[in-house]
Amino acid sequence: MYVKFPLSEDSVEAKAFKRELLGDEDDPRKVYFLIWTTTPWTLPANLGIAVNPQFEYAAVEAGGEVYVVAGELVETVAAKLSLNEPHIVARFPGSRLDLLEARHAWLDRPSLLMLGDHVTLGGEADAETELDVSEARDRRATGKAGTGLVHTAPGHGHDDFVIGKTYGLDIYCPVDNAGRFTAEVEHFAGEGVFEANPHIVAFLRERGVLLFDEPYAHRYPHCWRCKNPVIFRATPQWFISLDAAARDAVEVERDEDGRDLTNYTDNEEAAPESLRAMALREIKNVEWVPAWGEERMRNMQKGRPDWCVSRQRVWGVPIPVFYCSACGEAVADRATINHVADIFERETTDAWYSRPASSLLPEGFKCPKCGSSEFTKETDILDVWFDSGASSVAVLESERYEGLRWPADVYLEGGDQFRGWFNSSLMVGLAAHDRAPYRTVVTHGWTLDAQGRAMHKSAGNAVAPEEFVKDSGADILRLWVVSSDFKEDMRCSDEILQRVSETYRKIRNTVRFALGNLDGFDPATDAVGLNEMQEIDRWALAELDVVITRVLEAYRTYEYHAVYHALYNFCTVTLSARYFDIIKDRLYTSAPKSHARRSAQTALNYIADALARMLAPILVFTADEIWENLPGVKGRRGGADAGAADEGGAVTASVHLAEFPVAGVGHDARLRERWVRLFEAREVVLRALEEARTSKLIGSGLEARVRIAAKRKTYELLEHYREELRYVFIVSQVSLTLLEEADAEELRVRVERADGRKCERCWNYSVRVGEFTRYPAVCERCVEALGEIEAEGGEAE
RNA sequence: CGGCGCGUAGCUCAUGGCAGGCGAGAGCGCUCGGCUGAUAACCGAGAGGCAGGAGGUUCGACCCCUCCCGCGCCGACCA
């Protein structure tokens, strides 16, 4: 709607202005300021009109009246209003209008002309509409609505409020809590604002001040919950000042009950600081993970407005303020607040609602200003952020929990909580103890879908954790969490969870292999000392040691995805593809109680034990399942190095009562270096075997005899392990020769069919199969193993 | 628009962050093959990335600077 506000012609300034426009201050034609608005109900609260000082405005004469509108909008406005032969009588910059006075369109009240950069030519300049910038630009290019003069009601919108404050206008808001006009609003008192809209339009039309109205679609803010349109009202609120220094020194809690004194400040004498100053100081002392959190928090505190802590809700923690019924004085001093606090401690905050003001105040309390003893209670409640911000004090200093202390070691939440919980906790912590309530703050990123977009139920791309847990279990969901770098945004989708499920199965299967091969192994009697173990078993433990070191460090620094990758890589490469594959021969064919087999089992037991401990925080259930199946836990009590026992040898009932494995046990850097080179050679052999397989020379690697020629350096290494090589490469025979230094290759591998026949017991090929009358289908190694089994009274297959 | 962050193979991550240096790595997945005593398993080989894009600094940049593009969080009486 377009409404005209007449110029107040009485003032000297107005006369001068009219003379400029029409040449004569006594010209009978009246001058009007033309405003446009989509919210008729805010007009009763109009106290001003804003124009943009940068724009050019024009005075348009039509039908004996003169209208002021933005120069660029003259044509569109004239067309829309069907003005009778409009013509421009003057042009002037917006700044010319500053501080002129109009009369309200129908009320006996001035409306002040003001300058504001928020005024646009696109319409929808009203603060109420919250149009975003790009959309506003589009709108400006297409349909124009508006006059370049913005009706301003400081009580009904942010921009209006701000400019109203600048010009010293009242913050006038004649709408009550129920959304109805108050009694002072002529003609419309008691009407709900939305119901009043058409009445106001009709009323203005009758008065002849409405020049045009039409239906107009535009954005308008709605309640996020009930979806109804909301209205803006400026209302009195309680704030906590961030810049005012405390008038009194903070009361310092003394260390009465043995709590760490450093938790509390004792700077009673120090000059009072503002909350903001304290916050900026404390932010430096907190460890932020990731580190950029410090800068984010600091920037936020720098530009933060005072904390509005009052909320108009019927539930919550009341603000313990009283108002004098006689003089209106707000009462909230230490004595009254402590009095209320004492009552709350006994009766909970419900007392605020159940007791009258008189019984919430100290006996005989009188208004410090007027001496009256009649008071009313504040009805606003505290911002719930204040509640959560107080959690550190409420929980950590509660006597209901043992072993807790303030401040907290760690706060962990999503990055959205910088402005939320991290902030409110900091404020309350500072108020209570002058210190940050946390030593470390860890933040995680957002969960996004496969395309990296935020999950929304409405977009249908959300993964419901509870659904997934129901199908696949919490262990796998936790494994997903840990597989991602939680400090950044994390992606989650069916495919990703599918992958994680597969890695879970791999880990579980790997440990199951170890446990399966520990059947009958009793760490107390069967374990082999580290120095007596076969070298590859010690190699496995040396690799495990590296993993332990890496995992413990990663846990310590919140690099959980590094934990995941280290453990998973260990399971797939070190164990499954290498160690397990190589020792299968020994586990399956050596005599059950042979030293060779027990050597491998000792390593397996240690590995399974360590994996259970390291996996425990992630695969909570699976780790316990592993734990229960460790031979040291199953029934018996383990030895010191037998695993499944904590330091001191005590077997714990649950892995979650056990410590992380200790680094350094299997440490052997030189051994690992040798085996790095051995495995490099193994890769060359494996490639050669693959070629032989492709050409149908062999199928299984055990069908092969490998002829290796190596230059001096490699030769010497391999020579040292000559008898081990067939097991490391998993072939039946290996021969080794020296390669000329002039040769191009460091290592040359030829694959042939293995000599002899396949041993039906161990599947290796041997020229000696058939030599042994007692076991004609078996090789020399198996004959020996079978002999041992028989000697132990066991049953040889 | 303002504050902060992210963008390396199909996927999850290394390397790279104020110590820039030869042809950017791993595992999974995929393709092909082997094994059949971890079998709703296991082993191997292979293909696969111009490090979001464009400039700049430099003898030399994934790594430093600028701009652009894409994405996320915050700027809400939602916790």
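Thresholds applied
Residues numbered from 1 in each chain as written. Chains lettered and ligands numbered in written order. Predicted model: local features only at pLDDT ≥ 70, side-chain atom pairs only at ≥ 80, totals over all residues. Heavy atoms only, no water. Axes fitted to C-alpha atoms, helices over the stretch in contact; angles between N-to-C directions. Helix = DSSP H or I, 4+ residues; strand = E, 2+ residues; numbered from the N terminus. Parallel < 35°, antiparallel > 145°, perpendicular 65-115°, else oblique. Contact = heavy atoms within 4.5 Å. Nonpolar A, V, L, I, M, F, W, Y, C, P; charged D, E, K, R; others polar. Buried < 20%, exposed > 50% of the residue type's maximum accessible area, 1.4 Å probe, protein only. Polar contact = N/O pair within 3.5 Å; in protein donor to acceptor, adjacent residues only side chain to side chain. Domains from an automatic or database assignment. Buried area = accessible area lost by both parts, 1.4 Å probe. Pairing = 2+ DSSP bridges. Phe/Tyr/Trp six-rings, centres within 6.5 Å; stacked < 30°, edge-to-face > 60°. Lys NZ or Arg CZ within 6 Å of the ring centre and 35° of its normal. Salt bridge = Lys/Arg side-chain N within 4 Å of Asp/Glu carboxyl O. Near = heavy atom within 4 Å. 1 Å grid on protein atoms, 1.4 Å probe; cavity = no way out; pocket = protein on both sides within 12 Å on 5 of 7 lines; lining within 4 Å. Points joined across faces, edges and corners; volume = space filled by probe spheres on them. pLDDT = per-residue confidence, 0-100.

A.B. asks: Explain the packing of helix H15 (residues 474–483) against helix H21 (residues 620–629) to me, please; I cannot follow it from the model alone.
C.D. replies: Each packed pair of helices is defined by two parameters, the angle between the axes and the distance between the axes. The N-to-C vectors of H15 and H21 enclose an angle of 115°; their axes lie 7 Å apart at closest approach. When the axes of H15 and H21 are compared, the pair comes out roughly perpendicular. Mapping the contact onto sequence places Ala474, Asp475 and Arg478 in H15 and Val620, Phe621 and Thr622 in H21. Split by residue class, the contact of H15 with H21 holds three nonpolar, one polar and two charged.

A.B. asks: Help me understand the environment of Arg761 in this model?
C.D. replies: Within the fold, Arg761 resides in the loop between strand E26 (757–758) and strand E27 (765–766). Among the residues examined, Arg761 registers a relative accessible area of 16% and is labelled buried. Spatially, the C-alpha atom of Arg761 lies 45 Å from that of Asp494, the residues being 267 residues apart in sequence. At 2.9 Å, the side chain of Arg761 forms a polar contact with the backbone oxygen of Thr589.

A.B. asks: What is the right way to look at the domain arrangement of chain A in this model?
C.D. replies: Taken domain by domain, chain A holds domain 1 (2–212), domain 2 (450–498), domain 3 (504–667), domain 4 (669–755) and domain 5 (756–797). In this assembly, eight residues from domain 3 lie in contact with eight residues from domain 5. Of the roughly 540 Å² buried between domain 3 and domain 5 on both sides combined, carbon and sulfur atoms contribute 47%. Ranking the residues of domain 3 by area buried against domain 5 places Asp585, Thr589 and Ala591 at the top, with a combined share of 69%.

A.B. asks: Is there a simple way to think about the pairing of strand E8 (residues 110–115) in this case?
C.D. replies: Looking down a regular strand, the side chains alternate between one sheet face and the other. Bridge count between strand E3 (residues 48–51) and E8: four bridges; the pairing is parallel. Note on E8: the bridge partner recorded for Ala50 is Met114. Direction of pairing for strand E7 (residues 101–103) relative to E8: antiparallel, over a ladder of three bridges. Bridge assignment links Glu101 to a residue of E8, and that residue is Leu112. The hairpin formed by E7 and E8 contains six residues between the paired strands.

A.B. asks: Looking at this structure, I do not really get the packing of aromatic side chains. What am I missing?
C.D. replies: The geometry of an aromatic ring pair is captured by the separation of the ring centres together with the interplanar angle, meaning the angle of the planes. Under the defined criterion, the tally for this structure stands at 30 aromatic pairs. For the pair Trp106 and Phe188, a centre-to-centre distance of 6.5 Å together with 85° between the ring planes defines the contact as edge-to-face. You can see Trp106 sitting in the loop between E7 and E8 and its partner Phe188 sitting in the loop between helix H4 (158–166) and helix H5 (193–207), a full 82 residues away along the chain. With centroids separated by 6.4 Å and ring planes inclined at 55°, the aromatic side chains of Trp539 and Tyr579 adopt a geometry described as tilted. With Trp539 in helix H18 (residues 535–556) and Tyr579 in helix H19 (residues 560–589), the pair connects residues that are 40 residues apart, well separated along the chain. Both residues of the pair, Trp539 and Tyr579, count as buried. Put simply, the rings of Trp288, Trp292, Tyr411, Phe418, Trp421, Phe422 and Tyr438 pair up and form one aromatic cluster. Between Lys487 and the ring centre of Phe486, over which it is positioned, the NZ or CZ distance is 5.1 Å. Directly above the aromatic system of Phe679 lies the positively charged group of Arg578, at a separation of 4.5 Å from the ring centroid.

A.B. asks: Quick question: what am I supposed to make of the pattern of salt bridges here?
C.D. replies: It is possible for side chains of opposite charge to pair when their charged atoms get near one another. Inspection of the entire model under this criterion finds 42 salt bridges. For the salt bridge of Arg281 with Glu273, the shortest nitrogen-to-oxygen distance reads 2.6 Å. Salt bridges sharing partners connect three or more residues here, namely Asp27, Arg29 and Glu61.

A.B. asks: Looking at this structure, I do not really get the protein's contact with RNA strand B. What am I missing?
C.D. replies: Taken together, 54 residues are adjacent to RNA strand B, and Asp485, His561, Ser576, Tyr588 and Trp763 come closest. Arg419 is positioned such that a nitrogen or oxygen atom in its side chain is 2.8 Å from a sugar or linking oxygen of RNA strand B. One of the side-chain nitrogen or oxygen atoms of Arg505 is found 3.4 Å away from a phosphate oxygen of RNA strand B. Listing elements by their share of the surface near RNA strand B, those giving two or more residues are helix H7 (292–303), helix H11 (384–389), helix H16 (494–516), H19 and helix H22 (669–694).

A.B. asks: How should I be thinking about unusual backbone geometry in this particular structure?
C.D. replies: In most cases, non-glycine residues show a negative phi, while peptide bonds are predominantly trans. Look at the link from Val289 to Pro290: it is a cis peptide, with omega at 0°. Tracing the backbone shows Pro290 in the loop between strand E12 (287–289) and H7. Geometrically, the link from Trp406 to Pro407 is a cis peptide bond, its omega value of 5° lying close to zero. Looking at where Pro407 falls in the secondary structure, it is placed in the loop between helix H12 (391–396) and strand E19 (408–414). Of note in the backbone geometry, Ser82 takes a positive phi value of approximately 50° without being a glycine.

A.B. asks: I would appreciate a short explanation of the sheet that holds strand E24 (residues 733–738) in the present structure.
C.D. replies: Through backbone hydrogen bonds, the strands of a sheet pair up, either in parallel or in antiparallel fashion. With mixed pairing, three strands are arranged side by side in an open sheet as E24-E23-E25. Since the sheet does not close on itself, it has two edges, and those belong to E24 and strand E25 (747–753), each with one partner. Neighbour-to-neighbour, the strand axes of this sheet turn through a mean angle of 20°, independent of strand direction. Relative to E25, strand E23 (residues 704–710) is paired through seven bridges, and the arrangement is antiparallel. From the neighbouring strand, Ile708 faces E25, where its bridge partner is Val749. Contacts from helix H23 (residues 712–720) reach E23, E24 and E25, with the element oriented near 145° to E24.

A.B. asks: Help me understand the layout of surface pockets in this model?
C.D. replies: Approximately 1,600 Å³ is the volume attributed to the second largest pocket. Together, 41 residues line the second largest pocket, and Ile231, Arg233, Thr235, Gln237 and Gln312 are the ones closest to its centre. Secondary-structure elements contributing two or more residues to the lining of the second largest pocket are H4, H5, strand E14 (310–311) and strand E18 (381–382).

A.B. asks: Explanation requested: the confidence of the model for chain A in the structure shown.
C.D. replies: Detailed reading of the predicted model is not advised wherever pLDDT is low. Per-residue pLDDT for chain A averages 88, and the proportion of residues at 70 or more is 90%. In this model, residues 123–143 is a region of pLDDT below 50 whose contacts with residues beyond four sequence positions or in other chains number 43 contacts. The low-confidence segment residues 248–270 (pLDDT under 50) makes 34 contacts with residues lying over four places distant or belonging to another chain.

A.B. asks: Even after reading the chapter, I still don't get the side chain of Thr510, so can you show me in this structure?
C.D. replies: Of note, Thr510 is situated in helix H16. Excluding its chain neighbours within four sequence positions, the residues that come into contact with Thr510 are Cys571, Leu575 and Phe580.

A.B. asks: Hey, could you run me through the sheet that holds E12 in this one?
C.D. replies: With parallel pairing, the three strands of this open sheet are ordered in space as E12-E20-E19. Among the strands making up the open sheet, the edge pair consists of E12 and E19. Each adjacent strand pair in this sheet contributes to an overall mean axis angle of 15°, direction not counted. Sheet analysis places E19 next to strand E20 (residues 438–444), joined by six bridges and oriented parallel. Bridge pairing links Tyr411 to Val441 in E20. Sitting on the sheet, helix H13 (residues 421–433) is in contact with E19 and E20, with an inclination near 150° to E19.

A.B. asks: Help me understand the packing of H22 against H23, please; the structure alone is not making it clear to me.
C.D. replies: Two elements in contact, H22 and H23, have axes whose closest approach is 11 Å; the angle formed by their N-to-C orientations is 105°. On the basis of the axis angle, H22 is roughly perpendicular to H23. Contacts from Arg674, Arg677, Leu678 and Ala681 of H22 reach H23 at Lys713, Thr714, Leu717 and Leu718. Residues of the contact of H22 with H23, tallied by class, amount to four nonpolar, one polar and three charged.

A.B. asks: Honestly, the environment of Trp41 in this entry has me stumped. Any pointers?
C.D. replies: Mapped onto the fold, Trp41 is located in the loop between strand E2 (30–36) and E3. A sequence separation of 152 residues divides Trp41 from Val193, and the C-alpha atoms of the two residues are 5.5 Å apart. Each residue touching Trp41, except ones within four places of it in the same chain, is listed here: His156, Val175, Phe181, Val193, Phe194, Asn197, Ile200, Tyr220, Ile231 and Phe232.

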